[in-house]
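Now for the letters of each chain:
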Amino acid sequence: MQANYSLPRQIESPARTFTESARRAQIVEVAIKVVATAGYGSTSFARIAKEAGLSSTGIISYNFAGKDDLMREVVAEVLRVAEAYVSPRLAATVGARATLRAYIEASTSFLAEYPNHLPALVEVVTNLSRDSADRAQLLAQIEAWRGFHTDFVRQAQAAGEFRAFDPLVMVSAVQGAIDAVVLRKAREPALDVIAHGRELADLFDHATRPSEEPLP
């Protein structure tokens, strides 16, 4: 169940100084917060500049060609941070059931550690133009992700670690449950996402375990 969050390779950017790179990273980090808390439609260079304590929007315009360019970097950064957070936790597991549990718990604890990242990702993705290249790229990535995890489930079933069920339905159910926690957290900031993660991990462990294995 190891997630493949990396975006397709982009055209390499020209070499930047340490200061330029640090400034871009600061702008992206603040943009993530603004998108998550104010919403995509209310996100502007002016709002980001004010939140970041920048003297003018020109500093943002110098680093990014426009809002679309900045939002592309927001998505890339969220996915990069998520991969760096989740992957080591999956690598430390042994067995399909432990991996599934780790994936669910890591995904929800990531939301606790980085409360703005996943809400920002949802805001950007849901507001992309239907005919944009970025939307098509993300949809292709989501399909590849589903295929990757579906293959994982099939292998676990073949090894007898999971019972018989439709792998794609289960993969969609797991991710849908995690997405629901993200949306609820946005409405209820005090929500205990760690506890929710444990409950979901128990739920899907029971749902996938071999039929002949008794419940505790």
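Sequence order sets the numbering: in each chain, residues are counted from 1 along the sequence as written. Since the coordinates come from a predicted model, pLDDT governs what is reported: local features require at least 70, and pairs of side-chain atoms require 80 or more to be given and counted, while whole-chain, interface and lining totals use all residues. Each side-chain value is worked out from all heavy atoms of the structure, with water and hydrogens disregarded.

## A short note on the overall build of the chain
The condition is simple: Numbered from the N terminus, helices here are DSSP runs of H or I no shorter than four residues, and strands are runs of E no shorter than two. We call a residue buried when its accessible area falls under 20% of the maximum for its residue type, exposed when it is over 50%, and partly exposed in between, using a 1.4 Å probe and counting protein chains only. Whether two residues are in contact is decided by their heavy atoms: any pair within 4.5 Å suffices. Only the protein chains shown count as cover for residues, and all accessible areas are computed by the Shrake-Rupley method using a 1.4 Å probe.
Tallying secondary structure elements over the chain gives 9 helices and 0 strands in all. Helices and strands in the chain line up, N terminus first, as α-α-α-α-α-α-α-α-α. Residues counted as buried form 41% of the 216 residues belonging to the chain. In the chain, 68% of the contacts between residues at least 6 apart in sequence involve partners at least 24 apart. When the accessible surface of the chain is split by element, carbon and sulfur atoms take 55% of a total near 11,800 Å².

## A look at the confidence of the model for the chain
We apply this condition: Per residue, pLDDT measures the predictor's confidence, with a range of 0 to 100.
In the predicted model, the chain carries a mean pLDDT of 88, and 90% of its residues have values of at least 70. Within the chain, the element-level pLDDT minimum falls on helix α7 (residues 133–158), averaging 85, and the maximum on helix α9 (residues 193–208), averaging 97. For the stretch residues 1–12, pLDDT sits under 50, and the model shows 35 contacts to residues farther than four places along the chain or on other chains.

## Structural notes on the packing of aromatic side chains
We apply this condition: Two rings from Phe, Tyr or Trp (for Trp, the six-membered ring) form a pair when their centres sit within 6.5 Å of each other. Planes less than 30 degrees apart are called stacked, planes more than 60 degrees apart edge-to-face, and all others tilted. Note on geometry: a ring has a charge over it if NZ (lysine) or CZ (arginine) is within 6 Å of the ring centre and within 35 degrees of the ring normal.
Inspection of every chain in the model, using the stated rule, returns 5 aromatic pairs. Clustering of aromatic rings is evident, with ring pairs tying together Tyr85, Phe110 and Tyr114. Stacked on the ring of Tyr40, the Lys or Arg Lys67 has its end atom at 4.1 Å from the ring centre. The positively charged end of Arg89 is found above the aromatic ring belonging to Tyr85, 3.7 Å away from the centroid.

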